Amino acid sequence: MKKDKTQKHLQEEAEKHIEEQFVLPGDIVGTNEEYEAGDGTYRLRGNIYSTRTGNVEVDRKKRSISVRATSELPPEIKKDDIVVGNVVNVRDSMTLVQIAAIKGHGEREVNNPGVAAIHISNIKEDYVKNIANELALMDVVKAKVIDTDSMRLSIAAKELGVMSAVCGRCGEPLAIEEGKLKCPACGKTEKRKLSADYGTGII
């Protein structure tokens, strides 16, 4: 009985530590074995990731984990804003991004962000032949808003592009090595249009 109480106490302490975390879109907040994915999260290959900027919240009764934005007044997206979001669809000529945060607004959740598009012509200054070599599903990207009417984004500038990505084979976070992405788990290499801030968490 004493052992069970100690184990329960350690688990509660671990969850308290988790709840102190401030996370960005694409950060791992837990695993499917530990929790159900709640608001502000999504599941991918056994892990639970954040879809927004905010604080981790654990529901001990439901065994679910969520990410809660702390702002009461969400900001509106404007032209020339720098935003961060998750790639939710990759097509032949464009990529669709679910916007999660705006640079300069800290952990405030965006008001009705919806889905924005990055056209193939707004990925690089140079010609892009295959969009799949530049962006992939679940990538976290930093982009500039170039049109709010049709919600179009650009990642052509050096500081814009993919901020974090996962391996298409095993789902592990990709590390950057000499300007290229490599999976530390399975060794697979992948191409992306990288932000100069890849892997730093800096918006």
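Residues numbered from 1 in each chain as written. Predicted model: local features only at pLDDT ≥ 70, side-chain atom pairs only at ≥ 80, totals over all residues. Heavy atoms only, no water.

**Let's talk about the packing of aromatic side chains**
No. 1: A complete count under the given rule lists 1 aromatic pair for this structure.
No. 2: Their ring planes at 15° and their centres at 5.4 Å tell us that Tyr-42 and Tyr-49 sit as a pair that is stacked. Here the two residues Tyr-42 and Tyr-49 agree in accessibility, since each one is buried. (Phe/Tyr/Trp six-rings, centres within 6.5 Å; stacked < 30°, edge-to-face > 60°. Buried < 20%, exposed > 50% of the residue type's maximum accessible area, 1.4 Å probe, protein only.)

**Details of the confidence of the model for the chain**
No. 1: For the chain, mean pLDDT is 85; residues scoring 70 or higher make up 83% of the total.
No. 2: Confidence scores differ between elements of the chain, with helix α1 (residues 2–19) showing the lowest mean pLDDT of 55 and strand β12 (residues 152–154) the highest of 97. (pLDDT = per-residue confidence, 0-100. Helix = DSSP H or I, 4+ residues; strand = E, 2+ residues; numbered from the N terminus.)

**Comments concerning the nonpolar core**
Generally speaking, nonpolar side chains in soluble globular proteins are found buried as a group.
No. 1: Of all hydrophobic cores here, the largest spans 29 residues; its most connected members are Ile-118, Ile-123 and Leu-153.
No. 2: Among the nonpolar cores identified, the runner-up in size contains 8 residues, and Val-29, Val-56, Val-58 and Ile-65 belong to it. (Core = buried A, V, L, I, M, F, W, Y, C linked by side-chain atoms within 4.5 Å.)

**Points about the sheet that holds strand β1 (residues 22–23)**
No. 1: Pairing is mixed across the open sheet formed by 4 strands, whose spatial order is β1-β6-β7-β3. Edge strands, defined here as strands with exactly one partner in the open sheet, are β1 and β3 (36–37).
No. 2: Relative to strand β7 (residues 64–68), β3 runs parallel, the two being bridged by 2 bridges. Each bridged residue has a counterpart across the sheet, and for Ala-37 the counterpart in β7 is Ile-65. (Pairing = 2+ DSSP bridges.)

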